[in-house]
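Each chain, letter by letter, is given below.
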Amino acid sequence: MTSLRSPARPMDKRALTQTAIRASIKARTKAGLDLMSPICVFDLCERLGVIVRFTDINMEGMYDRTPKPRIHLSSLRPLPRRVFTCGHELGHHEFGHGSTIDEMQEEAEALKADSPDEFLVNSFSAFTLMPIIGLRGAFARRGCAAATADELQMFAVACNFGVGYATLISHLAYGVGEISIARARQLLKASPKSIRCRLIGDAGADPLVLVDTHWVMRAIDAEMKTTILLPHDARVDASMLAATGECDEGLLFTATSPGIGRVEWGQSGQSAFVRVSRQNYVGLARYRHLEDADV
């Protein structure tokens, strides 16, 4: 993110990273969350007393400190992008920064912080959303480590943590050093679109959420028209999902209407809520799944 803030100062990135890690632990603890599981950042903000609102303004996000803490996110951006932006704006709140506006830009450029404050809140967002212990556990459940994971395993972990594919890889390479820069560059030759084509044989532009058998904790969040790939033995109690077929990796569903349902899979009864919101929804984040937009 690049905020309209004061000129850049010299950075001690190591010290700033340690500060961000401590703040991410504090934020999760204040919200009553553990320090490893995937979370919904919008729910985290609500627990910390920060209102989140989606808008149709052409920007990344905005943080208002007064009169009440409030985060504004552009509904024009992809959902995983909004997730990271929300964590970024929450970082401004947690570090006591003043009101900010973050301009819209490409993801690769947005992750190149140009000031200590921006590096700090980007790091806060990354460690809050993707704690290293949680990531190591996620890869271990899939029979690999970050350094040996392939594109599909990376994508599955990114989906479970609610972040973008490139965001996860950048964090693993530059944030926590779990993979080499060369490996990150190799993985980034793939994209969500190419991975979608590889998984389901469809190179369409609609988002894909991969829910594999190792998915834990977090609700399955999606917008209408999103394709959701579930395990072969999934049992779906969600009227907002329409079955559209099957592929080698599992059952295919499309999110067709807003609402909240439930999905189960596996003999042990693993389950997750599925929450679908309207495309380009404008309003408070807490109401994004309501079936009646006028409520």
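Residues numbered from 1 in each chain as written. Predicted model: local features only at pLDDT ≥ 70, side-chain atom pairs only at ≥ 80, totals over all residues. Heavy atoms only, no water.

1. As for the overall build of the protein
Here's step 1: Assigned secondary structure in the protein consists of 10 helices and 13 strands.
Here's step 2: Since a compact globule built from 295 residues should have a radius of gyration of about 19 Å, the 18 Å found for the protein is in line with a globular shape.
Here's step 3: Counting only C-alpha atoms and orienting by the principal axes, one finds that the protein spans roughly 55 × 50 × 35 Å.
Here's step 4: With 295 residues in all, the protein has 52% of them scored as buried.
Here's step 5: Of all intrachain contacts in the protein linking residues separated by at least 6 positions in sequence, the fraction that spans at least 24 positions is 59%.
Here's step 6: Accessible surface, the protein as shown: approximately 13300 Å² in total, 53% of it carbon and sulfur.
Here's step 7: The average position of the 34 basic charges and that of the 34 acidic charges among the side chains of the protein differ by 5 Å. (Helix = DSSP H or I, 4+ residues; strand = E, 2+ residues; numbered from the N terminus. Rg over C-alpha atoms; globule rule 2.2 N^0.38 Å. Buried < 20%, exposed > 50% of the residue type's maximum accessible area, 1.4 Å probe, protein only. Contact = heavy atoms within 4.5 Å. Areas by Shrake-Rupley, 256 points an atom, 1.4 Å probe, with all protein chains shown as cover. Lys, Arg positive; Asp, Glu negative; His and termini not counted. Charge placed at Lys NZ, Arg CZ, Asp CG, Glu CD.)

2. Side note on the pattern of salt bridges
Here's step 1: Applying the stated criterion to the full structure yields 14 salt bridges.
Here's step 2: With a closest N to O distance of 2.8 Å, Arg142 and Asp212 form a salt bridge. Here the residue Arg142 occupies a position in the loop between α6 (132–141) and α7 (151–161), and Asp212 occupies one in the loop between β5 (208–210) and β6 (220–223), the gap between them amounting to 70 residues. A single burial state applies to Arg142 and to Asp212, both of which are buried.
Here's step 3: Residues Asp202 and Arg196 are paired through a salt bridge, measuring 2.9 Å at the closest nitrogen-oxygen approach. (Salt bridge = Lys/Arg side-chain N within 4 Å of Asp/Glu carboxyl O.)

3. Examining the pairing of strand β9 (residues 241–247)
Here's step 1: In the sheet, β9 pairs with strand β10 (residues 250–255) via 6 bridges, with the strands oriented antiparallel. Opposite Gly245, over in β10, you have Leu252 as the bridge partner.
Here's step 2: The antiparallel hairpin formed by β9 and β10 contains 2 residues in its connecting segment. (Pairing = 2+ DSSP bridges.)

4. Quick notes on the sheet that holds β9
Picture the strands of a sheet paired through backbone hydrogen bonds; they go either parallel or antiparallel.
Here's step 1: Read across the open sheet, the 4 strands follow the order β5-β7-β10-β9; overall the sheet is mixed. At either margin of the open sheet sits one strand with a lone partner, and together these are β5 and β9. Each neighbouring strand pair of the sheet contributes to a mean axis angle of 25 degrees, computed without reference to strand direction.
Here's step 2: Sheet contacts for helix α10 (residues 192–200): β5, β7 (227–230), β9 and β10; angle to β7, the most-contacted strand, approximately 50 degrees. (Axes fitted to C-alpha atoms, helices over the stretch in contact; angles between N-to-C directions.)

5. What to know about helix α5 (residues 116–129)
Here's step 1: Compared with an ideal rise of 1.5 Å per residue, which puts 14 residues at 20 Å, α5 spans 20 Å between its outermost C-alpha atoms and is within 8% of the ideal.
Here's step 2: With respect to burial, α5 is a largely interior element, 14 of its 14 residues being buried. (Expected span 1.5 Å × (residues − 1).)

6. Some thoughts on the pairing of β10
Here's step 1: Here β10 lies mainly inside the structure; 5 of its 6 residues are buried.
Here's step 2: Two elements, β7 and β10, share 4 bridges in a ladder whose sense is antiparallel. Each bridged residue has a counterpart across the sheet, and for Leu229 the counterpart in β10 is Leu252.

7. A look at the confidence of the model for the protein
Here's step 1: Averaged over all residues, the pLDDT of the protein equals 92, while 92% of them reach at least 70.
Here's step 2: Segment residues 2–8: pLDDT under 50, and 22 contacts once partners within four positions in sequence are set aside and those in other chains are kept. (pLDDT = per-residue confidence, 0-100.)

8. A look at the environment of Lys189
Here's step 1: Positionally, Lys189 belongs in the loop between α9 (181–187) and α10.
Here's step 2: When the C-alpha positions of Lys189 and Glu223 are compared, they lie 26 Å apart, and in sequence the two are 34 residues distant.

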